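# Geometric and topological summary
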Amino acid sequence: MSDFLPQELIRQKRDGKPLPRAAIESFVAGIADGSISEGQAAAFAMAVFFQGLEAEETVALTSAMAHSGRMLSWPAIDRPILDKHSTGGVGDKVSLILGPILAACGAAVPMISGRGLGHTGGTLDKLDSIPGYNTAPDIETFQKAVKEAHCAIIGQTSDLAPADRRLYGIRDVTATVESIPLITASILSKKLAAGLDGLVMDVKTGNGAFMANTEDACQLANSIASVARGAGLSTNALVTDMNQVLGRSAGNALEVRETLDALTGTARDPRLMTVTCELSAELLVLGDLAADLESAKTAIDAALESGAAAEAFERMSAALGGPSDLIAKADSTLPAADVIRAVPAPAEGFISTVDTRAVGLAVITLGGGRTRADQTIDHSVGFSEIVSIGEAVGKERPLAIVHARNEAEAERAATAITSAITISHEAPPDAPVILTRIAQE
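Below, the structure is looked at part by part. Fair warning: this is a prediction, and the values are worked out from it, not measured in the lab.

### Description of unusual backbone geometry
Positive phi outside glycine occurs at Ala161, with the angle close to 50°. Secondary-structure assignment places Ala161 in the loop between strand E3 (151–155) and helix H8 (162–172). Positive phi values are uncommon outside glycine, yet Glu385 reaches one of about 50°. Within the secondary structure, Glu385 is located in the loop between strand E8 (382–384) and strand E9 (392–393).

### As for helix H3 (residues 38–51)
For H3, spanning 14 residues, the distance from its first C-alpha to its last is 20 Å, which sits close to the expected 20 Å at 1.5 Å a residue. For H3, the full list of buried residues reads Ala41, Ala42, Phe44, Ala45, Ala47 and Val48. The inward-facing, buried residues of H3 contact helix H1 (6–14), helix H2 (21–33), helix H4 (55–66), H8 and helix H9 (180–193). Directly after H3, the chain includes Gly52, whose backbone phi takes a positive value near 75°.

### Brief notes about the sheet that holds strand E7 (residues 349–354)
Taken together, 3 strands build an open sheet; the order of strands is E9-E7-E11 and the sheet is antiparallel. Here the strands that pair on one side only, and so sit at the sheet edges, are E9 and strand E11 (421–424). Two elements, E7 and E11, share 4 bridges in a ladder whose sense is antiparallel. Note on E11: the bridge partner recorded for Phe350 is Ser424. Packed on one face of the sheet, helix H17 (residues 407–420) meets E7 and E11 and runs near 50° to E11.

The rules we used
- Residues numbered from 1 in each chain as written.
- Predicted model: local features only at pLDDT ≥ 70, side-chain atom pairs only at ≥ 80, totals over all residues.
- Heavy atoms only, no water.
- Helix = DSSP H or I, 4+ residues; strand = E, 2+ residues; numbered from the N terminus.
- Expected span 1.5 Å × (residues − 1).
- Buried < 20%, exposed > 50% of the residue type's maximum accessible area, 1.4 Å probe, protein only.
- Contact = heavy atoms within 4.5 Å.
- Pairing = 2+ DSSP bridges.
- Axes fitted to C-alpha atoms, helices over the stretch in contact; angles between N-to-C directions.

Printed below as a string of structure tokens:
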């Protein structure tokens, strides 16, 4: 390992000393090939957790993990290669809408996403509700789908950033997940390996986010943006509100249906579309597909209103094994729950607060998420027509529609979402959904 034994590198970081790039690269190579033991990797993660990393060290760690496996390139695609990543939320189906929008606006989007984590939903779990859609294709199929549809959303493959996969598994069981340098390196290593030209980060904050504190979210957003740029990837970041469900649904097939409604214009939730369009606009500017954010938003509106974005979603579905006529046949194609009923409001008034994490946990309890990695998911369950903060409720407007496997589970879910929502006599002031923008001007 260069001039360093593994234990000496761990000792140096334990004592708060900076690590040379070559030593980091050798250590990461050892994580990937197994020559670094699990105990050594855990000790390194704990040392970083307590001592942190300087910016140069984080860039070195990120780049080394990206280069620990296959690095993708896209010579056959004459489009900017763009992507977006979110730190996770409840009802967050932005990726499903954003990818097709960008494809319709001249970009190629090879998006590598994840499954649900904790109380948050996963993009792959949502896509798994589409019959035939393959979220785990081989690299060649992935590249072919991006070339044909200009957009493909899949899971991490075994040969992309393998050092990250092993280190993350160790962090997950050693209480070292919540380290900003390690989170930064984990996210960006996969994005660098995907061969991107531009990236936008959606860092969520609020009671439904992992970074509940806005100051912490801004610190993470700044870290990701600066480290990405240091590694040669043009990156901007938005810090967005997750103090309520994003959109009107939470649950896998229900969120796909809301995605299709948003793409076709059947129904568009204002907060969901604001986040989606702002992130999309950042990417169009980063990819030199628009001169500025305003012209980017004009192009986005045109892609939505012309139907080009909706068509891009169906092309992506078909390219990865799903139906090519999903939009027309959504009702008969997407799984539906056996029990569907309204959750009545316990009083008349205005929604003042939502315990968003509790809503996410209620979806898991319904069977729409996992409490163990080996569990299967019921893609049909969840909530639709969820109220938003400031909305009036009463006899004519329930809190949500619950979709469940049976009456007993529907009743428990109704109780959970009722407990998660506070009703007041007056509407609270409007709160912005975009809190901070971090961009390289």
